[in-house]
There are 2 protein chains.
Amino acid sequence: MTAYDELMSFVRETEALSAVAGRTGWDQETMMPSGAAEQRGEEMAALEGVLHARRTDPRIGDWLEAAAPADDVAKAQLREIRRSYERSVKLPARLATELARVTSVSQGEWAAARRADDWSAFQGRLAQVVKLKQEEGQALAAGGDVYDALLQDYEPGTTGAEIAALFGGLRPRLVALRERILGSGTTAPQLSGDFAEAAQLKLAERLAVTFGYDLSKGRIDKAVHPFSSGSGMDVRITTRTDPADPFNCFYSTIHEVGHATYEQKVDPAYLLTPLGSGASMGVHESQSRIYENQLGRSRAFTSWLFHQMQETFGDLRVGGPDDFYAAVNRVHSGYIRTEADEVHYNLHVMLRFDLERALIEGDLAVADLPGAWNERFARDFGVAVDKPSNGVLQDVHWPVGLFGYFPTYSLGNVYAGCLHRALREAVPDLDAQLAEGDLSAALAWLAENLQQHGSRYVPRETVARACGAEPEAGPLLDYLEEKFGAIYGF
Amino acid sequence: MTAYDELMSFVRETEALSAVAGRTGWDQETMMPSGAAEQRGEEMAALEGVLHARRTDPRIGDWLEAAAPADDVAKAQLREIRRSYERSVKLPARLATELARVTSVSQGEWAAARRADDWSAFQGRLAQVVKLKQEEGQALAAGGDVYDALLQDYEPGTTGAEIAALFGGLRPRLVALRERILGSGTTAPQLSGDFAEAAQLKLAERLAVTFGYDLSKGRIDKAVHPFSSGSGMDVRITTRTDPADPFNCFYSTIHEVGHATYEQKVDPAYLLTPLGSGASMGVHESQSRIYENQLGRSRAFTSWLFHQMQETFGDLRVGGPDDFYAAVNRVHSGYIRTEADEVHYNLHVMLRFDLERALIEGDLAVADLPGAWNERFARDFGVAVDKPSNGVLQDVHWPVGLFGYFPTYSLGNVYAGCLHRALREAVPDLDAQLAEGDLSAALAWLAENLQQHGSRYVPRETVARACGAEPEAGPLLDYLEEKFGAIYGF
């Protein structure tokens, strides 16, 4: 065996163990009995210890030095292995193990605190998580910016300053658009009624399949926070239902299907290798968002969905496909990020980005977080947060230590805007197809031009190759202004 | 840290990883998408490789030599660690990895072959499993008996010859009892009707809780073959339903609850240590069988169950509690071991014991297995096997390599007979309690005298301490003869 083959064989086993760890995380949020949290923390810590030992195994350094890549794919494998190895050796094993243990326990406590709407029950644990993440960032940054160091886990090659600049550019046109909509005098219609859970889940499954989700390599379960998990031949999603709001279930399902089909469509030759998953969180989010918004919330597709929902639930008591489309895209200042419309969504993300950057940089204490959250929310959304579960306790990310993750949501929206523009050029009759509930051409274009490549190219290049141009915010803003101008009559 | 502390810390991590592996096995039978089998095989192989490396880590040998146990519990920990270590170092890593990979794939193929009733589709894979298990047995036996070597994984300290002798003693009285029943001219009543799955599952959950199952540390799902999995704070069971036969669901649930509560009741001080699980498969089976049979199928408890089932399903169309009791305990020559009555059950086990011993010793070829099965079945049960799913393909054990497991079922029955005699002496008014659906005194006696100890004592001692006498077959046979003599009027 060559050094490259030995390295790949070792890394493949590590990827397999990592898949087990990921599925154990899935189990924790969907299947685990409530009394098992403490034992699970110990299990995850042991597994994380094994993974850390493998990722920092000094033989990887030797193999990397000796490996002679035979082609560009091998070069890309080595690029990803080197990045991961260099990151891992900077992180002390003790800290990796401690992070796994604490975030595992923290997740259960967060869920309980959210249910009880009790911030004080969770504040101490979150402070512990923040402190550990600061330590992690310091270890990884090696003197550089601590937040930037954490960002690399989600969006390699990006900095907090770049993101702040990008968000600075997005913000004025978004704020202006929001004000025009709220000042338009137009009130979008709203669905009302009681939508049975079983019927919601059945239609959600149909939507998942319509958007290309392969149930022979996945499954759909319920969870508090919808997510997608896994890669290759076992990619699972979760959803949730709200009897008063079936769109919550349907669009979070389509969103997670965007993540999941990306994983399912990666070239099988990359299975259980560093190239076998999506290129970054931002690129991942571009898939979930283009599925959910540019395709799923389009005028054309919603006319098909309108008829499906009528068949499932009977009379929807909205005027027709136009009113239904306006209801799907209704703009309103809500508390919950995952339920936000396309106009407000990035405002939710910017709030979290600024707060988490301040937390990690030490400019904001965890004790002051609810106050800072509520103040910023009132400013951006014009509404006072009424309870922690509608505010600072709503997301799972911080409790499990995912600092640096949030901004990738808005990066994904920017990428989705660019991909949507390119897709429309490649498939000129897209709307006619969407109106028939036919996603096949759109899905084939995304699979061919982006999804199959997995991590073969770096994130920005992955998007640029698909779009034929460097990603920028213009297409997203143009799309939003055109779409909501039409709905709100300006 | 002392050598003992270092050893225990290392072993505790291994136990935690082993718990993850066990839960991954649970996932495979309950949740895994059908297309994920191949990837899962690779994942399990990687995890098995890690576990094998830990279990054969030469530091364990050094620690065992240096460790000075402070008390009897520490001595028992060292006894179990030494047994596991000595076994593991005999098994080549290549073979352990290959076994994990092949049995994982094999399980999916068995399930498909069973569904299709196609022995030929599975024969080649089973031959591969048998060959690997023979290699394993040879490596472990180091010149001794190959089957005995495999037995040690399930019932340490027992030999095939001892079991053959015990089964030789059981058989004459069982055969005589079976003949008296079938010749009695009495036909037991039988339940008929269509019992809705949801109602069955609801009552099964109530029965699980009645028999002490703690759902905050467990969960109930459906699977082809009911099983219990896990230890400590996360012990899961599965069940299945048959619309025509609710007893199948109820009694397999009670059976698995016997296994699961044993694990849940082990002293929490032993959590994630070698003492933290049941003492052996035979002792485990003594719990599942005393729950299911001596308690669950007693005249007293079935009168309570009769009323519960009437409330759930309406008129059962049997004469009353006496007829219901006779229906629960109806003796008939069925194909399926897990549905067998108490009289036939051990005949099913003896068949498998003889065949698997011959397979492993090389006296029976896998190609000849269905013929040997069907011939023996016709002899013992007086019925010809009609299809592989009612014969050689019915059980998951051989497909996943569990050779040496089957005889522990009958050992468990013998132990349950002894425990039942002792329990009746300790709780004289047991029947009055069971008639009220009150299991608390029986469960407390079992938890106090047996379950809490986990693997603190070796299997035979575990049972002997609870019974106050060495286990023997007499009490089981006395119990069966008295019970079925009363039902069948002799």
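Refer to the structure printed above.
Source: prediction; values computed, not measured. (Residues numbered from 1 in each chain as written. Chains lettered and ligands numbered in written order. Predicted model: local features only at pLDDT ≥ 70, side-chain atom pairs only at ≥ 80, totals over all residues. Heavy atoms only, no water.)

(A) Geometry of the overall build of chain A. The helix and strand tally for chain A stands at 20 helices and 3 strands. A compact globule built from 490 residues would reach a C-alpha radius of gyration of about 23 Å, and chain A, at 22 Å, matches this within 12%. Relative to its full complement of 490 residues, chain A shows a buried share of 59%. By sequence separation, contacts in chain A at least 24 residues apart represent 75% of the contacts at least 6 residues apart. (Helix = DSSP H or I, 4+ residues; strand = E, 2+ residues; numbered from the N terminus. Rg over C-alpha atoms; globule rule 2.2 N^0.38 Å. Buried < 20%, exposed > 50% of the residue type's maximum accessible area, 1.4 Å probe, protein only. Contact = heavy atoms within 4.5 Å.)

(B) View of empty space enclosed by the protein. The tally for this structure, following the rule as stated, stands at 8 cavities of 30 Å³ or more. What lines the largest cavity is simply Val20(A), Arg23(A), Thr24(A), Trp26(A), Asp27(A), Arg40(A), Val20(B), Arg23(B), Thr24(B), Trp26(B), Asp27(B) and Arg40(B). Mapped by element, the contributors of at least two residues to the lining of the largest cavity are helix H1 (3–30) of chain A together with helix H1 (3–30) of chain B. Along the lines of polarity and charge, the residues of the lining of the second largest cavity split into 9 nonpolar, 1 polar and 1 charged. (1 Å grid on protein atoms, 1.4 Å probe; cavity = no way out; pocket = protein on both sides within 12 Å on 5 of 7 lines; lining within 4 Å. Points joined across faces, edges and corners; volume = space filled by probe spheres on them. Nonpolar A, V, L, I, M, F, W, Y, C, P; charged D, E, K, R; others polar.)

(C) Inspection of the sheet that holds strand S2 (residues 228–231) of chain A at higher detail. Residue and element names in this part refer to chain A. Read from one edge of the open sheet, 3 strands run S1-S3-S2, paired in mixed fashion. The open sheet is flanked by strand S1 (220–222) and S2, the only strands paired with a single partner. The mean angle between the axes of side-by-side strands here comes to 20 degrees, regardless of whether they run parallel or antiparallel. Pairing analysis gives 3 bridges linking S1 to strand S3 (residues 234–239), with the strands arranged parallel. Within S3, the position partnered with Lys-222 by the bridge is Thr-239. (Pairing = 2+ DSSP bridges. Axes fitted to C-alpha atoms, helices over the stretch in contact; angles between N-to-C directions.)

(D) View of the interface of chain B and chain A. Listed as interface residues are 37 residues of chain B and, on the opposing side, 37 residues of chain A. A buried area of about 2,900 Å², summed over both sides, lies between chain B and chain A, and 58% of it is on carbon and sulfur atoms. At the junction of chain B with chain A, the criterion picks out 8 salt bridges. Ionic pairing is found between Glu43(A) and Arg23(B), a salt bridge with its closest N-O pair at 2.7 Å. Of all elements in the fold, only H1, helix H2 (37–55) and strand S3 (234–239) of chain B reach the threshold of two or more residues within the side of chain B that touches chain A. Per-class residue counts for the side of chain B that touches chain A are 16 nonpolar, 9 polar and 12 charged. (Buried area = accessible area lost by both parts, 1.4 Å probe. Salt bridge = Lys/Arg side-chain N within 4 Å of Asp/Glu carboxyl O.)

(E) Expanded view of the sheet that holds strand S1 (residues 220–222) of chain B. All names here are of chain B. Taken in spatial order, the 3 strands of this open sheet run S1-S3-S2, and their pairing is mixed. Looking at the sheet topology across the chains shown, the edges are occupied by S1 and strand S2 (228–231). With direction set aside, neighbouring strand axes in the sheet form an average angle of 20 degrees. Bridging between S2 and S3 involves 4 bridges; their strand directions are antiparallel. Residue Ser-231 lies in a different strand from S3, and its bridge partner there is Asp-234.

(F) The arrangement of the relation of the copies chain B and chain A in detail. For the pair chain B and chain A, the relating rotation is 180 degrees, the translation along its axis is 0.0 Å, and the fit reaches an RMSD of 0.0 Å. Here the transformation between the copies is reduced to the relation of a two-fold axis. The share of interface residues of chain B whose copies in chain A are also at the interface is 100%, consistent with both copies meeting through the same surface. (Least-squares fit on C-alpha atoms with pLDDT ≥ 70 in both.)

(G) A look at the pattern of salt bridges. Taken as a whole, this structure holds 76 salt bridges over all chains when the rule is applied. The partner of Arg12(A) in a salt bridge is Glu42(B), and the shortest N-O contact between them spans 2.4 Å. Of this pair, Arg12(A) sits in helix H1 while Glu42(B) sits in helix H2, which puts the two residues in different chains. For Arg12(A), a relative accessible area of 30% corresponds to the partly exposed category. Asp27(B) is paired through a salt bridge with Arg40(B); the nearest N and O atoms lie 2.8 Å apart.

The values reported here are purely geometric and, on their own, carry no functional implication.
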